[in-house]
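Observations on the three-dimensional arrangement
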Protein chains: 2
Amino acid sequence: MDLLAVVAAAHEISMRAEDRIGPLLALHRLTPPTAHALWSIDPSEPPPSMKLMADRLYCNAPNLTFLVNQLVDRGLVTRATDPSDRRSRVLTLTSRGREVREELVSTMLQVTPFAVLDPSELSQLAALLTRVTDASAG
Amino acid sequence: MDLLAVVAAAHEISMRAEDRIGPLLALHRLTPPTAHALWSIDPSEPPPSMKLMADRLYCNAPNLTFLVNQLVDRGLVTRATDPSDRRSRVLTLTSRGREVREELVSTMLQVTPFAVLDPSELSQLAALLTRVTDASAG
DNA sequence: AGCACATCCTTCGAGTCTCGAAGCATCGCT
DNA sequence: AGCGATGCTTCGAGACTCGAAGGATGTGCT
């Protein structure tokens, strides 16, 4: 059955990538969860709310509060009250946050096991994975 | 660039799968790390040592000791001294461990986002991922 | 306006995970 | 026998995850 092989291989690739990015994370006192949170704040988009981030990271509210505190403590993110809904807090990267995020992304593109694929294979793979994420939306 | 899209999509798929398997894990008082450890003990192969498991899971020795303790506490795994090297401990699934592992694998095959692909797409994807894991071995 | 209810976030406590440093037992080698 | 290497465990500190509970703000209803 190919499905089992695909699930196992995908997991293996994730673990390998996480292992290889580890040293860079340690350098910035980050961990996989905090790095993922940082990654998920795109500076070219409007600042996301805590709620939106929790949905993106598939985590609950207390957990997200904790992760954001870690990023704030490390000077990478700032919290602000959303003027249009004062219950909501929006997250903005500091200049250092933007730098670290950029370093994270560019390093990941170098060390990810997917980097061994050539452009044609990558394009095939991107098409398949896009189909998966679109079709299983939720 | 397709590479970034591939990395992001792969991560998204993993998170989604983990989210969907969560309820089953909770039922057995498992978590993603302990479930992954359980998954990595194939009952049809010779019992792995702690060392081998640590390599498979990309984790260090103290961490693996902790995870295995969790599985032992939950009655899923037993530890035994390897007669051929008395420093080494080998891990064997209990009958309950085999049941839970089987349930885990079969449920994952149902809920994984990859399940939306048809056989031809799956076979294509399996070929690409196998190439990635083989080419980036380490 | 006032009240009920929902939503967004935070705090707290308990359990889990991760890792470096240190230590113990055993193995392989000389 | 002695010595360094290897496999595992213990310990302590920091990080992560979640349910329960609570405070603040928005929404809808009368």
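We now turn to the structure provided with this report.

Turning our attention to the overall build of chain A. Along chain A, the regular secondary structure elements total 6 helices and 2 strands. Across chain A, helices and strands are ordered from the amino to the carboxyl terminus as α-α-α-α-β-β-α-α. Buried residues in chain A amount to 45% of all 138 residues. Carbon and sulfur atoms form 55% of the exposed surface of chain A, whose accessible area is close to 7,100 Å². With 14 positive and 16 negative side-chain charges, chain A shows a spacing of 10 Å between the two charge centroids.

Quick look at the relation of the copies chain A and chain B now. Both copies of the chain are tied together by a single rotation about an axis and a shift running along it. Mapping chain A onto chain B calls for a rotation angle of 180° and an axial translation of 0.0 Å; the resulting RMSD is 0.0 Å. Here the copies are linked by what is in effect a two-fold axis. Comparing interface residues between copies, 100% of those in chain A also sit at the interface in chain B, which points to an isologous, same-surface contact.

We now examine the protein's contact with DNA strand C. In the vicinity of DNA strand C lie 22 residues, with Lys51(A), Thr65(A), Arg79(A), Thr31(B) and Arg74(B) positioned nearest. Per the 4 Å cut-off to the protein, sugar and phosphate atoms form 77% of the nearby atoms of DNA strand C. Measuring from a sugar or linking oxygen of DNA strand C, one finds a side-chain N or O atom of Asn60(B) at 3.4 Å. A distance of 3.3 Å separates a sugar or linking oxygen of DNA strand C from a polar atom in the side chain of Arg87(B).

All right, on to the interface of chain A and chain B then. On the chain B side, the residues contacting the 44 residues of chain A number 44 residues. In total, chain A and chain B occlude about 4,400 Å² of area from one another, counting both sides; carbon and sulfur atoms represent 75% of this. Three residues, Leu3(A), Tyr58(A) and Leu128(A), lead the burial of chain A against chain B; their summed loss comes to 14% of the area buried on that side. The salt bridge partner of Glu121(A) is Arg131(B), with a shortest N-O separation of 2.5 Å.

For helix 1 (residues 2–27) of chain A, spanning 26 residues, the distance from its first C-alpha to its last is 38 Å, which sits close to the expected 38 Å at 1.5 Å a residue. Along helix 1 of chain A, the largest kink reaches about 45° and is centred on Ile21(A); proline Pro23(A) follows within four residues of it. All of the buried residues in helix 1 of chain A are Leu3(A), Val6(A), Val7(A), Ala9(A), Ala10(A), Ile13(A), Met15(A), Arg16(A), Ala17(A), Ile21(A), Leu24(A) and Leu25(A). In the core, the buried residues of helix 1 of chain A are packed alongside helix 2 (32–39) and helix 5 (95–111) of chain A together with helix 2 (32–39), helix 3 (50–57), helix 5 (95–111) and helix 6 (119–135) of chain B. Looking at the residues trailing helix 1 of chain A, positive phi occurs at Arg29(A), about 55°.

What counts as what
Residues numbered from 1 in each chain as written. Chains lettered and ligands numbered in written order. Predicted model: local features only at pLDDT ≥ 70, side-chain atom pairs only at ≥ 80, totals over all residues. Heavy atoms only, no water. Helix = DSSP H or I, 4+ residues; strand = E, 2+ residues; numbered from the N terminus. Buried < 20%, exposed > 50% of the residue type's maximum accessible area, 1.4 Å probe, protein only. Areas by Shrake-Rupley, 256 points an atom, 1.4 Å probe, with all protein chains shown as cover. Lys, Arg positive; Asp, Glu negative; His and termini not counted. Charge placed at Lys NZ, Arg CZ, Asp CG, Glu CD. Least-squares fit on C-alpha atoms with pLDDT ≥ 70 in both. Contact = heavy atoms within 4.5 Å. Near = heavy atom within 4 Å. Polar contact = N/O pair within 3.5 Å; in protein donor to acceptor, adjacent residues only side chain to side chain. Buried area = accessible area lost by both parts, 1.4 Å probe. Salt bridge = Lys/Arg side-chain N within 4 Å of Asp/Glu carboxyl O. Expected span 1.5 Å × (residues − 1). Bend = angle between axes of the 7 residues up to and from the residue.

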